[in-house]
Each structure stands twice: as C-alpha cells, then as structure tokens.
Amino acid sequence: MYERDGEILDNYLEADQLWSETSRPLPRARLGRAATAGLWALRVFAIVLSAMVIYVFFSQLGG
Amino acid sequence: MSGPASSPAARAPLAAPPPLSHEDEDRSADRSRVFAARRGNRRWLLLWLLLGPGILAMLGENDGPSMISYTTTGATYGLGAFLPFTLLTFAMAVVCQEMVMRVGAVTHRGYGELVLQRFGRLWGWFNAVDLVFTNVITLVAEFVAIRVGLAYFHLPAGVAAALGVVLVLYTISGGRYWRWERIVLGLAIFNGLFLVAALLTGPRWGAVGHALLTASPFPGGSLSTLLLLVASTVGATVTPWMIFFQQSASADKGLTPDDLRHGRYDTVAGAVLAALFGCGAMIAGAALATHNGAGIQGLAGAGFPGALSHVSGHAVGAIFALGLIEAGAVAVLTISASTGYAVGECIGAPHSMNYSARGAAVFYGANFGAAAIAAGIILIPGAPLLSIALNANVLATVLLPVALVFLIMLANDRMLMGRFANGRRHNVAAITIVAFVALCGTAYAVDAFLKAVHLV
C-alpha cells in the first residue's frame, strides 16, 4: 500500500520489481577461461568485420 | 499477484515494505489494470494492456533502411527466393526477441544493465558503445527515409530533421511509459501502408505464391550485390537495438513471469505484421524490376516513391512515400529510446519513461541527443543516402552475433532465470541463428573488402 495525492492505493508490483530492488547490483557471474577467450575472439571478430564494412563504405564513396 | 517466490530473481523478504518511488507508483497504476483484467477474465482487454514492446520492436525494425532494403531487393531480383528468405529471418527474430522479452519479464532489468552487472563493466561498455555507434548510424538512415518520403511531396531536408526531433520531444515529454508506448503503437500501424502500396501495384499473385512455395527463382548476377542484400535483409529483421529495446521496455512496462504467454503473443504478432508489411515493400519494389529499376537513382539512389509513381501511378508513389516517413519516424522513436535505456543502464542513472525529464536527465538526454545528432547529419548536402541506408543494416548484422551471444548467456543464467531459463531446443535454435548471422556478415564483409583493396 502507498499514499498518492492523499489517497491510499494498493501496490501491484512484485517485491523484486521495486526500484529499491532493481537498483541493487547483481553479483558477478564466474566466466571460465574458455568462455572468456571465446568472448574476446568474438569481440575481435566483430571489430575486424566492422572495420572492413566501414572501409568498403568509404572506398565506395571515393570511387 | 504472483508472490516474490514465483520470480527467481527475488530477494529475501524485507522486514518493512520500502517506500515506492515515483517510477514504482506509475508502474503499479499500470499493473493494477492488468490485475483487474486478469481477475475479471477479460481476455481481450488483458491482451490490449500487455501488447506493446514486441510489436514496437518488430515494426520499429521495419524501419526506413529495412524498407529501402526490401524494396531494393524486389527491384533488383523481382519476386523469388528473397520472399521466403525474409519470412525465415522473421522466424529468427521471434526466437531472439522471445528470449529478450522473457529475460526482461523475469529479471525486471534491461539487457545493458544485466551484461554490465553479470559479466563486468568492460563487456557492458563494449556492448553499449557498439549499440550507440550503430544506433547513431541507423538513426541517420531513418532521417534519410523521412527525407526521401518528404522529398516526394517537395519538402526539404530541414522539415525531415525537424519532424523527427519534434516527435521525439513530444513522445518523451509525458513522463509515462504507457503514454509513450501507445503513441508509438498508433504511429506504427501505418507501416501497413507498404502492403497497401504493394496491392495497388497489381502484383502477380501466381508469382508471389510460386516464390513462397519454391524459393525460386534464385537470384543471379553479381555475387557482391547478392551478399550485400542478404546481409542487409538479415540486418533488417534482427538487430542489436531490438535486443536492448524490447528487454528494457518489457521491464519498464512492468511485465512479470505471469505475463510471458502474452509477451509471446505480442512478439509473434509483431513479427507477423512486420513480415507482411516487409514483403509488401518487396512486392512493391518488384514492380520496378520489370522496368529495370528505372528512376530509382533519384535522391542519391533512394528515389523509390518517384519511381513507383512513374510505373504504377501517383497514388502508389504517395502511399509509399508516406510509408517511408512512418517507418523512419517510428524507428527514430524506438531506436533513440533504446539509446537512452542503454546509456542510463550502463551509467547506473535512472532509466524509465515513468520518470520526469528532471528525474532521468541522462536517459532523456541520450534519447534526444542521439536523434538530434542524426538529424544534423542528414542536413549535409550530397550524402549518399541509399548507401548509408544499406550499410547501416550490414553494420548491424556484423555486430549482432556479439549481442546475441550475451543474450543466450543471460537466458541460460539459472541464478537470474531459474525455471524460466532456456531449454535445449531454444539453445539449438539460438546458436544456429548466431552462426547464420555471423556467416552472412562475414561473407559480405570479406568479399566486399577484398574487392575494395583489389585482391579479387
């Protein structure tokens, strides 16, 4: 229950939906070496491909 | 109301109930109507109340560059394998967005926030920077679409820039998620204009049926163009901003595990509508294929409304132009919102449409700022509009696998998701999608790069 504009209203939110709960940080997940290496490989892959796409875009503009 | 025990992310009960924030009060008011509809067994009202994030993500992604991409595909290859391929990409989008909705409803937190807190600041910021970068480029492409649409009615680029920025300001000015969602949903319905345009071009339904059933004829011609359009079509249906947006919007709307079934209806309904309207754009574009794409070179290659007007009449051109304005405008609203959510979540600042502008200055500032920067860029004369639109989608395709891998990790995180975590079939489907998207992006990027540096 809460008061708003002098009126007492029911709270329809779940406990873990309240701002006081969602603003509380979650614990860190443990990533193994393989998972970390995989994520870094994916990150490098994305950067390299993005650079290629951006290079192609600008080279097409120049051409 | 399901108790805290129904949600695996719930913490131990607090000794005394904490005071509700303004955001909580607004969300509770919205949820009270959901509870009343559920208690009264008013199914249609319940559906109406819970629809939103899924339809907006899907129709938001039927944006300017996507519709230009579908139309380009239709104009380049006519009706053929791309029609069923587009349906396949929407099926992929349903798998991904259902996971997004589920994680948002169960954890009540946004994607950016979860990646940052569970996997560390480095990965959180990488994802957020990827998103803001692709969002600004995509937003430029959205303003391009609005500009192309308005140009058909002889209105200048300045009007396109002003229209987009004013719309963003108007929709975020209410301080209520519900208001924002309903205004954008109202605008998004006009995505159906592409279907109307397709019907008015007098399509050959036999060819449409043949293409859908046999996935033929398979496109021929230049491999580079084919790879560009494949990557662009994938990027037209599943993108990083949709992941950020639907999860944050589901949490902001207040969805809970009790709402998962309706969240799935919302996601599937959005995909069906978006596929229908996307195929409409492709069918309209196919009307140009028989005329060798005559006339589409206007406005730096994106002059589809003019070309359709020339081939199928003024009404088709005008409806297509209005469709482009709608597609660009709705996407400006949803993509700038996803930027606001991502920045707010990563900085740890308040990030809800239920806050006033003063209460969530970072969230609203990022939301408005992204749109304003993109609006400024389209005012630069001589910009290659079609190239920007297609490459925005390709860039999204290239960066998507990273976002999807983190999404799959979150959806499998038992600490967060409990019994709502992914099952085996879900994981097989999701991993197949990641591999397919990565393959499409890599094929285009490598082929185009090798050609650009004259190695092939």
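Structure report, in brief. As the structure is a prediction and not an experimental result, all values here were calculated from the model.

About the criteria used
Residues numbered from 1 in each chain as written. Chains lettered and ligands numbered in written order. Predicted model: local features only at pLDDT ≥ 70, side-chain atom pairs only at ≥ 80, totals over all residues. Helix = DSSP H or I, 4+ residues; strand = E, 2+ residues; numbered from the N terminus. Buried ≥ 20, exposed ≤ 12 C-beta atoms within 10 Å, placed from the backbone. Rg over C-alpha atoms; globule rule 2.2 N^0.38 Å. Contact = placed C-beta atoms within 7 Å. Expected span 1.5 Å × (residues − 1). Arc of directions from axis to C-beta. Core = buried A, V, L, I, M, F, W, Y, C linked by C-beta atoms within 7 Å. Nonpolar A, V, L, I, M, F, W, Y, C, P; charged D, E, K, R; others polar. Axes fitted to C-alpha atoms, helices over the stretch in contact; angles between N-to-C directions. Parallel < 35°, antiparallel > 145°, perpendicular 65-115°, else oblique. Left-handed = near helix turned anticlockwise from the far one by under 90°.

### A closer look at the overall build of chain A
When you go through chain A residue by residue, the secondary structure sums to two helices and two strands. Going from the N terminus to the C terminus, chain A shows its helices and strands as β-β-α-α. Taking all 63 residues of chain A together, the buried fraction comes to 22%.

### Overview of the overall build of chain B
Counting its regular elements, chain B contains 21 helices and zero strands. For chain B, whose C-alpha radius of gyration is 21 Å, the value lies close to the compact-globule estimate of 23 Å for 456 residues. By its C-alpha atoms, chain B is 75 × 50 × 45 Å across when sized along the principal axes. Within chain B, buried positions represent 59% of all 456 residues. Long-range pairs, those at least 24 residues apart, make up 84% of the contacts in chain B between residues at least 6 apart in sequence.

### Some remarks on helix α8 (residues 157–172) of chain B
For the α-helix, the turn length of 3.6 residues means that residues three or four positions removed from each other point alike. Residues and elements named next belong to chain B. The end-to-end C-alpha distance of α8, which contains 16 residues, comes to 23 Å, matching closely the 22 Å that a straight helix rising 1.5 Å per residue would cover. The set of residues buried in α8 consists of Ala 160, Ala 161, Leu 163, Gly 164, Leu 167, Val 168, Thr 171 and Ile 172. Each buried residue of α8 lies within a common arc of 160° when the element is viewed along its axis, so the set occupies one face. In α8, the exposed positions angled more than 90 degrees off the buried face are occupied by Ala 162, Val 166 and Tyr 170. Taken together, the buried residues of α8 touch α7 (121–152), α9 (177–188), α17 (314–347) and α18 (361–377).

### What about unusual backbone geometry?
Residue and element names in this part refer to chain B. The omega torsion of the bond from Ser 216 to Pro 217 falls at 0°, within 30 degrees of zero and hence cis. Its identity as a non-glycine residue notwithstanding, His 454 has a phi of 60°, on the positive side. Relative to the elements of secondary structure, His 454 occurs in the segment after α21 (424–452).

### Some words on the nonpolar core
Counting residues in hydrophobic clusters, the biggest one holds 161 residues, and the most contacted among them are B:Phe143 and B:Leu407. Considering every element that reaches this core, the biggest residue donor is α17(B), with 19 residues. Residues in contact with B:Leu407, not counting those within four places in the same chain, are B:Cys96, B:Met99, B:Val100, B:Tyr111 and B:Ile243. A:Tyr12, A:Leu13, A:Leu18 and A:Trp19 belong to the second-largest nonpolar core, a separate cluster that totals five residues.

### Some points on the environment of B:Leu150
All names here are of chain B. When you line up the elements, Leu 150 lands in helix α7. Accessibility expressed as a C-beta count within 10 Å gives 22 for Leu 150, which makes it buried. On a C-alpha basis, the gap between Leu 150 and Ala 37 in space is 42 Å, while along the polypeptide they are 113 residues apart. Excluding residues that lie within four positions of it along the chain, Leu 150 makes contacts with Leu 155, Val 159, Ala 160 and Ile 325.

### What about the interface of chain B and chain A?
Tallying the contact residues gives 46 residues for chain B and 34 residues for chain A. Breaking the side of chain B that touches chain A down by element, the ones donating at least two residues are α1 (22–39), α6 (111–119), α7, α19 (385–411) and α21 of chain B. Looking at the side of chain B that touches chain A element by element, the count peaks at nine residues for α19(B). For the side of chain B that touches chain A, the residue count by class is 23 nonpolar, 14 polar and nine charged.

### As for the packing of helix α3 (residues 53–61) of chain B against α17(B)
Describing two packed helices takes the angle between their axes plus the distance from one axis to the other. All names here are of chain B. Their axes nearest at 8 Å, the elements α3 and α17 cross at an angle of 125°. The pairing of α3 with α17 is recorded here as oblique in orientation. Taken as a pair, α3 and α17 cross one another with a handedness that is left-handed. Between α3 and α17, the residues in contact are Leu 56, Leu 59 and Gly 60 and Val 330, Ala 331, Thr 334 and Ile 335, respectively. Counted by class, the contact of α3 with α17 contains five nonpolar, two polar and no charged residues.

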